[in-house]
Amino acid sequence: MAYKKVVDNFLRYVKIDTQSSEENSSGVPSTEKQRDMAKILYEELLELGADDVRYDEKFCYVYAVIPSNIGEGADAPAVGFIAHMDTSPEVSGKDVKPRVIENYGGGDIVLNEESHIVTYVSDFPMLDRCKGKSLIVTDGSTLLGGDDKAGVAEIMAMAAYFLEHPEIKHGKICIGFTPDEEVGRGVDHFDIKRFGADYAYTVDGGMIGELNYECFHAASASITVTGKNVHPGSAKGIMKNAIKLAYEFMNALPDECPENTEGYEGFYHVENIKGTVEEAAAEYLIRDHDKYKFEERKELFVKTADKLNQKYGTEIFHVKICDTYSNMREMIEKDMRIVDRLIEAMKCVGVEPEISPIRGGTDGARLSFEGLLCPNICTGTEGSHSRNEFACIEDMEKVVEILINLVKV
């Protein structure tokens, strides 16, 4: 079966360094090395025999179509599948060395004994569901890249299945691969009209069965602190240490951070802090599934700075907040048939759907507000953005079956 190719695809793709960059805010894509994978996917789609294969050289998107084969006048929607090519800038994606663990027997997985890097079942209890299956892990020096090269590999395996089995009836299939999803710019230049789908699915989720049609309301925020430096020997009553003040701001926020929250609970996440005595800066993510609570969180962020400015009697703290995406549930609930269709496709291959909110975002969040409804499908991977990331081979193959059932007539 063509879906068996998903593992070969994945093992090839993870070795291509496609890490995006937060620092390059104006580059499109943010790193030129993402083009390496885009060009490979373009060539592979041509070789498979897909139609309208296009590599957007300016913006680094790859598009393709598998035309409907059910005849004129037949009523079948054009279904799209989207995955992103880049990997997270949080952990290196260079020189990934994937390792296959066949017939995983359970227990902790030592990735790198010398560096004491271990994937603990206590941290990833979903490993218990993988006993007896085969896993793909790293050597602990990099992330694996399952987010989202697993999705890319699964879509490519699905495409190969239909192109190698023209007797299997299906509607129009639209394929899109995006850059820079991990830095929030994955669909900045996505051509929805050229993509041609009536609706789509991002293949960018976690363990098998996961189905998402709601995500956070999201904002990025920053705090800049202006201090005053003098010689430490005569600093009493004069020095204002910007580094300490930045930490005072952080400690004044509620202790609602990613490591203390789950499910529908929102958070403040400080992801970068740097500075000197004279000036310090910290970058935050603000997240909540509830729109009202999300607005309250942003308001509290500003009020915290105001209170500290009042405490110190001067404008020391300066805040910037920028909304980045909204909860796609607001749009998808207007037509839940695409979610129902996914539930049906999962059950057809023996997978029990587990509907849960995304504690993050996908390209589909923004696309849903731009007119292309786009729920999210599992990939069979877990531990994204970390050295402990792993993929389950049997689950990845099952995801390909789900994709096939979504469009098969």
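The rules we used
Each chain has its residues counted from 1, following the order in which its sequence is written. Local features in this predicted model are restricted to residues whose pLDDT is 70 or higher, and side-chain atom pairs enter the listing and the counts only when it is 80 or higher, whereas totals over whole chains, interfaces and linings include all residues. Where side-chain values are given, they derive from all heavy atoms of the structure, hydrogens and water being excluded. Within this scheme, the nonpolar core is defined by two criteria: the residues are buried Ala, Val, Leu, Ile, Met, Phe, Trp, Tyr or Cys, and they are joined through side-chain atoms within 4.5 Å. Type-normalised accessible area, obtained with a 1.4 Å probe on protein chains alone, sets the label of each residue: buried when under 20%, exposed when over 50%, and partly exposed for intermediate values. Contacts are residue-level and defined by heavy atoms, with any inter-residue pair within 4.5 Å sufficient. Counting from the N terminus, the helices are the DSSP runs of H or I reaching at least four residues and the strands are the DSSP runs of E reaching at least two. Two strands form a pair only when DSSP identifies at least two bridges running between them. For helices, the fitted axis covers only the stretch in contact; all axes are lines through C-alpha atoms, and the angles between them, taken along N-to-C directions, range from 0 to 180 degrees. Convention used here: angles under 35 degrees read as roughly parallel, angles over 145 as roughly antiparallel, angles from 65 to 115 as roughly perpendicular, and any remaining angle as oblique. Crossings are assigned a handedness: left-handed for a near helix turned anticlockwise from the far helix by less than a right angle, right-handed for a clockwise turn. Charged residues are taken to be Asp, Glu, Lys and Arg, nonpolar residues to be Ala, Val, Leu, Ile, Met, Phe, Trp, Tyr, Cys and Pro, and polar residues to be all remaining types, Gly included.

1. Observations concerning the nonpolar core
Taken as a class, soluble globular proteins show a tendency for nonpolar side chains to be buried jointly.
Then step 1. Residues Phe81 and Phe177 are the most contacted members of the largest nonpolar core, which totals 75 residues.
Then step 2. Ignoring sequence-local partners within four residues, the contact set of Phe81 consists of Ile155, Met158, Ile173, Cys174, Ile175, Gly176, Phe195, Tyr201, Val203, Leu403, Leu406 and Val407.
Then step 3. Counting 20 residues, the second largest nonpolar core, distinct from the first, contains Leu245, Ala246, Phe249 and Phe301.

2. Topic: the pairing of strand β13 (residues 279-288)
Then step 1. Across the 10 residues that make up β13, a large majority, 7, are buried.
Then step 2. Here strand β11 (residues 217-226) runs beside β13; their pairing, made up of 10 bridges, is antiparallel. Paired with Ala218 across the bridge in β13 is Arg287.
Then step 3. Relative to β13, strand β12 (residues 267-275) is paired through 8 bridges, and the arrangement is antiparallel. Bridge assignment links Tyr268 to a residue of β13, and that residue is Ile286.
Then step 4. Hairpin connection, β12 to β13: the antiparallel pair is bridged by 3 residues.

3. Comments concerning the packing of helix α1 (residues 5-13) against helix α10 (residues 393-407)
Then step 1. Interhelical geometry of α1 versus α10 gives an angle of 115° and a closest axis separation of 9 Å. Considering their axes alone, α1 and α10 lie roughly perpendicular with respect to each other. Relative to α10, the crossing made by α1 is right-handed. Counted together, Val6, Val7 and Phe10 of α1 and Ile393, Met396, Glu397 and Val400 of α10 form the full contact between these two elements.
Then step 2. When the residues that make up the contact of α1 with α10 are grouped by side-chain class, the tally is 6 nonpolar, no polar and 1 charged.

4. Structural notes on the sheet that holds strand β15 (residues 354-355)
Then step 1. Ordered by their spatial adjacency, 8 strands build an open sheet running β1-β2-β8-β3-β9-β16-β10-β15, and the pairing between neighbours is mixed. Strand pairing shows two members of the sheet lacking a second neighbour, β1 (51-56) and β15, which therefore form its edges.
Then step 2. Bridge analysis of β1 against strand β2 (residues 61-66) gives 4 bridges, and the strand direction is antiparallel. Note on β2: the bridge partner recorded for Asp56 is Tyr61.
Then step 3. With respect to the sheet, helix α8 (residues 337-348) is in contact with β9 (199-203), β10 (210-212), β15 and β16 (376-377), its orientation differing from that of β10 by roughly 175°.
Then step 4. Contacts from α10 reach β3 (79-84), β8 (173-178), β9 and β16 within the one sheet, and its direction differs from that of β3 by about 150°.

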